[in-house]
Amino acid sequence: MKARDIFGYSFSAIRLRKLRAGLTTLGVVIGIAAIVALLSITQGLQNTITGELQKGLATDTLIVTVGGGAFGGGQGDGGGFGGGFDGGGDSDFTLLVNDTQTIMDLSPGNITAALAVIQRSGNISSTETNRTTTIVGVDFTEYKSIYSSTFVAESGEIPDSPENNSVVIGKRVTDPRLNGTTLFSAGDTVTIFWLNSSVRPPVIENYTARVAAVLEEVGGFGFGGPSDTSIYIPIIQAQGFFATDQCDTIIVKLVNSEESTIDYVSEKIEKSEEFAGEVSVISSTAVVELLQSIISLISLFLVGIAAISLLVAGIGIMNIMIVSLIERTREIGILKALGMRSRTVLGIFLGESVIIGVIGATIGIVLGWGLANIVAILFGTGLFGGGMGGGQAAGGALTITPVLTPTVFLGAFGFGIGVSVIFALYPAWRASKLKPVEALRYE
Amino acid sequence: MNAIVESVNLQKTYMLGKVPVEALRGVNLKIEKGDFVAILGPSGSGKSTLLNLIGALDKPTSGTLLIDGVDVSKLNDNQLADLRRKVGFVFQFFNLIPRFAAIDNVELSMSIANISRSERKKHAEDMLETVGLKDRMKHKPAELSGGQQQRVAIARALANNPSFLLLDEPTGNIDSKTAHEVMEIIKKLNEKGVTIIMVTHDQHLAREAKRTVQMMDGVITSDEANHL
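Residues numbered from 1 in each chain as written. Chains lettered and ligands numbered in written order. Predicted model: local features only at pLDDT ≥ 70, side-chain atom pairs only at ≥ 80, totals over all residues. Heavy atoms only, no water.

### With respect to the overall build of chain A
Consideration 1: When you go through chain A residue by residue, the secondary structure sums to 13 helices and twelve strands.
Consideration 2: Looking at chain A as a whole, 50% of its 443 residues qualify as buried.
Consideration 3: Contacts in chain A between residues far apart in sequence, at least 24 positions, make up 78% of those at least 6 positions apart.
Consideration 4: Carbon and sulfur atoms form 59% of the exposed surface of chain A, whose accessible area is close to 19400 Å². (Helix = DSSP H or I, 4+ residues; strand = E, 2+ residues; numbered from the N terminus. Buried < 20%, exposed > 50% of the residue type's maximum accessible area, 1.4 Å probe, protein only. Contact = heavy atoms within 4.5 Å. Areas by Shrake-Rupley, 256 points an atom, 1.4 Å probe, with all protein chains shown as cover.)

Here it is in structure tokens:
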């Protein structure tokens, strides 16, 4: 029997029991839709997060923090990743502002600058408003040279030799929802507060500052670089205001962003006599890669769960096929009496499963893609936005564009058909092995 | 004359649970091309078992059975299936595929035999015309009377130009008037040279054949020519 005729026969058998076939197919549809939706969304999420991270990302920088395996020291708790992964450890070791010079001396040929960053949570207020923010103490000139594309004034001017009371503020500090609001402008006099809890009882420290500049919008999570939700004060002022010589991170600018340079300098710092075992060095690109791999892992986990539903669908297919086999025993006997080979009977039953798989996978992919887009729209409206990316997302929802890669498309298609066929193998084999005499006698 | 079916000491034993049942106990039979043989016998005489063996639906336990010169006992499953394409089966209960129209049922046996779509459509129409059902060819079995269904079954059996027609109680499930019409078709086919082997327990029907083979308890008790 020709393949076309086998498929024609299979199709006629499916058409005979439309509701049953429809429900069987529905199992495949749900499984494939879940897989496609999850993969498209997580791929989109990965792209979005990577994109956000890479905004203003300086690939030729390293971030040195205290503690083995620490992740963090990002710019501010409004920036999403800052602070949360400080890792720390039990060591009393601290990074000092003047450790920048020690780091510079470790590999002078590869390091062009090293910059200490002190940061604390605090507030900035004017007579009309009061905003919680992250106060970041940096050397303006050095910071500007490292983040030349993002530490840029939109209004006012970032001073090279700042007065101690100068402050540069991130875009979202003055315009939290990026809708044209201006809470603070260049030239304004503001008060900066922080809660000094190192003394008993804790004291609220404050000083009056002048807004020297408002930064352009950076976007992204501001990892390792300027953030829209932070304010920047000169490092000298930070040392005095926070009464410390300790810094939270040291940003190291390299001569280039080559992997060999990154690895060499990282190792040099981590294994140096001064910092051995006490600091961790992480490159911006490594963070991005790490996050990508975490999302991939989550994606794999979710798809694994979705695949279980497809497995259930497969068992449904097997069940229906066995019922169908019993119902059609006599029909199989007739076909065999007419000269049909066992292999062709096998082909007919497998053909039915292929048809169910193809229809189920096709509808499932379309449905999954639709679901992914609906979820993306809901993310876009901010329904799920609050949890993603902290301060940034609070002001504007995270935009996810679902991605359906050819691999996912073909994989889902193949998986749908594959599961259908695998679970139909046993009933099809049983059908093919029926003895014509016994099958014809079956009532 | 050429022997289409030839059996020598043909035996078939079934296991009914753990009890062996000898359905055929040494059948010697020779059917020539163009013959019209009625195999007559009561229930349990072994005639259906013989029909299954002649139709290559089953293999003998011992003895020799040659169909079209081929020893059935030496064939594997695929070869048996191929041999069945040379046999035109007509069953008591018609055994048409209910979801297929008459013409599709006839075409089915040809599609199994790998005949091209265009060729089988034309041939199926011719076969249905032969049995007088061309105007009902688009009807499904449920829309046809018992006699018409049996005629579709005959058309289907003829579709692959079989070596012989094998009929199992062909009128057992239809009324006597329709049965007569069906027998007329069968006789006409035989007159045109089609070899007919018919299993029945109806003596009147058996008299329509050229030759009657009487069976009892798994053996042939008589084999006589009918005087038409």
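### Side note on the sheet that holds strand β10 (residues 219-225) of chain B
All names here are of chain B.
Consideration 1: The six strands lie next to each other as β6-β7-β8-β3-β9-β10, forming an open sheet whose pairing is mixed. This sheet does not close on itself; its edge strands, each paired only once, are β6 (87-90) and β10. Strand-to-strand twist in this sheet, taken as the mean axis angle between neighbours without regard to direction, amounts to 15°.
Consideration 2: Here strand β7 (residues 164-168) runs beside strand β8 (residues 195-200); their pairing, made up of five bridges, is parallel. Bridge pairing in β8 links Leu-167 to Met-198.
Consideration 3: Against the sheet, helix α5 (residues 146-158) makes contact with β6 and β7, and its axis sits at roughly 170° relative to β6, the strand it touches most. (Pairing = 2+ DSSP bridges. Axes fitted to C-alpha atoms, helices over the stretch in contact; angles between N-to-C directions.)

### Here's the deal with the interface of chain B and chain A
Consideration 1: Across the contact, 27 residues belong to chain B and 24 residues belong to chain A.
Consideration 2: Interface area, chain B with chain A, both sides summed: about 2300 Å², of which 54% is carbon and sulfur.
Consideration 3: A salt bridge links Arg-120 of chain B to Asp-5 of chain A, with the shortest nitrogen-to-oxygen separation between them at 2.7 Å.
Consideration 4: Secondary structure elements with two or more residues in the side of chain B that touches chain A: α2 (77-84), α3 (102-112) and α4 (117-130) of chain B. (Buried area = accessible area lost by both parts, 1.4 Å probe. Salt bridge = Lys/Arg side-chain N within 4 Å of Asp/Glu carboxyl O.)

### Some details on the packing of aromatic side chains
Centre-to-centre distance and the angle between the planes together describe a pair of aromatic rings.
All names here are of chain A.
Consideration 1: Scanning the model with the defined rule gives 14 aromatic pairs over all chains in all.
Consideration 2: Grouping aromatic residues by their ring pairs yields a cluster made of Phe-140, Tyr-143, Tyr-147, Phe-151 and Tyr-232.
Consideration 3: Directly above the aromatic system of Phe-349 lies the positively charged group of Arg-328, at a separation of 4.8 Å from the ring centroid. (Phe/Tyr/Trp six-rings, centres within 6.5 Å; stacked < 30°, edge-to-face > 60°. Lys NZ or Arg CZ within 6 Å of the ring centre and 35° of its normal.)

### Quick look at unusual backbone geometry
Consideration 1: In this structure, Pro-201 of chain A follows Arg-200 of chain A across a cis peptide bond, with omega equal to -5°.
Consideration 2: Relative to the helices and strands, Pro-201 of chain A resides in the loop between β7 (189-196) and β8 (203-215).
Consideration 3: We note that Asp-68 of chain B has phi near 55°; this positive angle belongs to a residue other than glycine.
Consideration 4: Locating Asp-68 of chain B in the fold gives a position in the loop between β4 (62-67) and β5 (70-71).
Consideration 5: Positive phi values are uncommon outside glycine, yet Asn-95 of chain B reaches one of about 55°.
Consideration 6: Mapping Asn-95 of chain B onto the fold places it in the loop between β6 and α3.
Consideration 7: We classify Asn-95 of chain B as buried; its relative accessible area is 5%.

### Points about α4 of chain B
For an α-helix, 3.6 residues make a turn, and residues three or four places apart therefore share a direction.
Consideration 1: Taking 1.5 Å per residue, 14 residues should reach 20 Å; α4 of chain B reaches 20 Å between its end C-alpha atoms and fits that length.
Consideration 2: Buried within α4 of chain B are the following residues: Arg-120, His-123, Ala-124, Glu-125, Met-127 and Leu-128 of chain B.
Consideration 3: Those residues of α4 of chain B that are buried are in contact with α1 (3-16) of chain A together with α3 and α5 of chain B.
Consideration 4: Once α4 of chain B finishes, Gly-132 of chain B follows within two positions and takes phi at roughly 75°, a positive value. (Expected span 1.5 Å × (residues − 1).)

### Re the packing of α4 of chain B against α5 of chain B
Residue and element names in this part refer to chain B.
Consideration 1: Where α4 contacts α5, the axes come no closer than 9 Å and their chain directions differ by 135°. Comparing the axis directions of α4 and α5 gives the class oblique. Judged by the twist between their axes, the crossing of α4 over α5 is right-handed. Contact with α4, carried on its side by His-123, Met-127 and Leu-128, involves Val-152, Ala-155 and Leu-158 of α5 and no other residues of that element. (Parallel < 35°, antiparallel > 145°, perpendicular 65-115°, else oblique. Left-handed = near helix turned anticlockwise from the far one by under 90°.)

### Let's talk about a nonpolar patch on the surface
Residues and elements named next belong to chain A.
Consideration 1: The grouping of Phe-11, Ile-359, Ile-363, Leu-367 and Leu-371 at the surface amounts to a nonpolar patch, some 410 Å² of accessible area in total.
Consideration 2: Considering every element that reaches the nonpolar patch, the biggest residue donor is helix α10 (residues 342-380), with four residues.
Consideration 3: Looking at where Leu-371 falls in the secondary structure, it is placed in helix α10.
Consideration 4: Leu-371 sits in the partly exposed class, given a relative accessible area of 39%. (Patch = residues over 30% accessible without salt bridge, like charges linked within 9 Å, V, L, I, M, F, W, Y side chains within 5 Å.)

### Focus on the nonpolar core
Consideration 1: Counting residues in hydrophobic clusters, the biggest one holds 72 residues, and the most contacted among them are Phe-349 of chain A together with Leu-50, Leu-108 and Phe-164 of chain B.
Consideration 2: It is α10 of chain A that provides the largest number of residues to this core, a total of eight residues.
Consideration 3: Ignoring any residue separated from it by four or fewer positions in sequence, one finds Phe-349 of chain A in contact with Met-321, Ser-324, Leu-325, Arg-328, Ile-332, Ala-428 and Ala-431 of chain A. (Core = buried A, V, L, I, M, F, W, Y, C linked by side-chain atoms within 4.5 Å.)

### What about the packing of α5 of chain B against helix α6 (residues 176-191) of chain B?
Helix packing geometry: the angle between the two helix axes and the distance between the axes.
Residue and element names in this part refer to chain B.
Consideration 1: Where α5 meets α6, the closest approach of the two axes is 9 Å, and the angle between their N-to-C directions is 20°. By the angle between their axes, α5 is roughly parallel relative to α6. Every pair of crossing elements has a handedness; the one defined by α5 and α6 is right-handed. Of the residues in α6, those touching α5 at Gly-147, Gln-150, Arg-151, Ile-154 and Leu-158 are Thr-178, Glu-181, Val-182, Ile-185, Ile-186 and Leu-189.
Consideration 2: Partitioned by chemical class, the residues of the contact of α5 with α6 number six nonpolar, three polar and two charged. (Nonpolar A, V, L, I, M, F, W, Y, C, P; charged D, E, K, R; others polar.)

### Some words on the confidence of the model for chain B
Consideration 1: Per-residue confidence for chain B gives a mean pLDDT of 91; residues scoring 70 or more make up 99%.
Consideration 2: Across the interfaces of the predicted complex, the ipTM metric reaches 0.92, alongside a pTM of 0.73. (pLDDT = per-residue confidence, 0-100.)

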